[in-house]
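# Commentary on secondary and tertiary structure
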Amino acid sequence: MKKLGHILILGLSLTVIFSSCQKKQKKEEDTDKQSASESSLATSINNDMNNIADEAGRNKNVSSFKTSEASAVLSSCATLHFDTLVSSNADSITINFGNNNCLCGDGRYRRGTLLVVYTGKYRDSLTTINVTPLNYFVNDNKVSGNKTVKNLGHNAQGHLVYDISANLQIVKADNSGTIQWTGTRQR
């Protein structure tokens, strides 16, 4: 009888230990999924900022953003303001989505402003483009920080090469935390 009691206690102990290991492994997997999800969100917002700045710099007018073309991100609720007097060597584009959520051509809601300051002509070699979000939200995720794109000119194959660096902070819409995202790359 005493032997049976020891076997039961040993069996229960092993079950508890095995169960706790299982739970710990599940939590680690959940953390990995959350990290991947947060990285994906930050990367997407980072790329968005570049696409919006490129679209504004390329077309330089509001009417091109009101079309249904697949590459258009901005919508009729976004306004552009061009300022060539920022300084003697820089111009700017203010992209204002307004104070209320604005449904854009890519299906995302945006509000707030992106300030794009660039040196030289927008697509010229050695032009530097700085994109700064100002009270800017994407799908209610608040974005702050900055992004810099430097046009290095053409490579040996004739393709434009850019150095891109970003330092973004995203306060998640569901109040589940803040994402700090820093990246550098060459495109």
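A brief structural summary. Note that the coordinates shown come from a computational prediction; the quantities given were computed from them, not determined experimentally. (Residues numbered from 1 in each chain as written. Predicted model: local features only at pLDDT ≥ 70, side-chain atom pairs only at ≥ 80, totals over all residues. Heavy atoms only, no water.)

## Description of the packing of aromatic side chains
Operational definition: Stacked, edge-to-face and tilted are the three classes for Phe, Tyr and Trp ring pairs, Trp counted by its six-membered ring, which pair at centre distances within 6.5 Å; planes under 30 degrees apart are stacked, over 60 edge-to-face, the rest tilted. In this text, helices come from DSSP runs of H or I with a minimum length of four residues, and strands from runs of E with a minimum of two, each type numbered from the N-terminal end. Only protein chains enter the accessibility calculation, which uses a 1.4 Å probe. A residue is then buried if its area is under 20% of the maximum for its type, exposed if over 50%, and partly exposed in between.
In the structure shown here, the tally under the stated rule is 1 aromatic pair. Between Phe97 and Tyr136 the ring centres are 6.0 Å apart and the planes differ by 45 degrees, which places this aromatic pair in the tilted class. Highlighted residues: Phe97 in the loop between strand S2 (90-96) and strand S3 (102-103) and Tyr136 in strand S5 (residues 128-138), separated in sequence by 39 residues. Of the two residues, Phe97 and Tyr136, both sit in the buried class.

## A short note on the pattern of salt bridges
Let me state the cut-off plainly: Salt bridges are defined as contacts in which a side-chain nitrogen from Lys or Arg sits within 4 Å of a carboxyl oxygen from Asp or Glu.
As enumerated under the stated definition, the model contains 5 salt bridges in all. Here Asp48 makes a salt bridge to Arg108, at a shortest N to O gap of 2.7 Å. Of this pair, Asp48 sits in helix H1 (residues 2-59) while Arg108 sits in the loop between S3 and strand S4 (109-118); the two residues are 60 residues apart in sequence, bridging distant segments of the chain. Exposure remark for Asp48: the relative accessible area of 9% places this residue in the buried category. The partner of Asp48 in a salt bridge is Arg110, with the nearest N and O atoms 2.8 Å apart. Here Asp48 is found in helix H1, whereas its partner Arg110 is found in strand S4, with 62 residues between them in sequence. Each member of the salt-bridge network shares a partner with another, and the members are Asp48, Asp106, Arg108 and Arg110.

## Digging into the pairing of S5
The condition that has to hold: The criterion for strand pairing is that DSSP finds at least two bridges linking the strands in question.
The pairing of S4 with S5 spans 8 bridges and is classified as antiparallel. Looking across to S5, one finds that Val116 is bridged to Val131. By the bridge criterion, 7 bridges tie S5 to strand S6 (residues 141-154) in an arrangement that is antiparallel. Residue pairing across strands places Asn130 opposite Thr148, the latter belonging to S6. A loop of 2 residues connects S5 with S6, the two strands running antiparallel in sequence, and Asn139 in this loop sits at a positive phi of about 50 degrees.

## Quick notes on the nonpolar core
Operational definition: Residues belong to a common nonpolar core when they are buried Ala, Val, Leu, Ile, Met, Phe, Trp, Tyr or Cys residues joined through side-chain atoms within 4.5 Å.
Judged by nonpolar contacts, the single largest core of 29 residues is most densely connected at Met49, Ile95, Phe97, Leu114, Val116, Tyr136 and Val143. Those elements that provide at least two residues to this core are H1, S2, S4, S5, S6, strand S7 (160-171) and strand S8 (178-186).

Interpretation in functional terms is not warranted from these geometric data alone.
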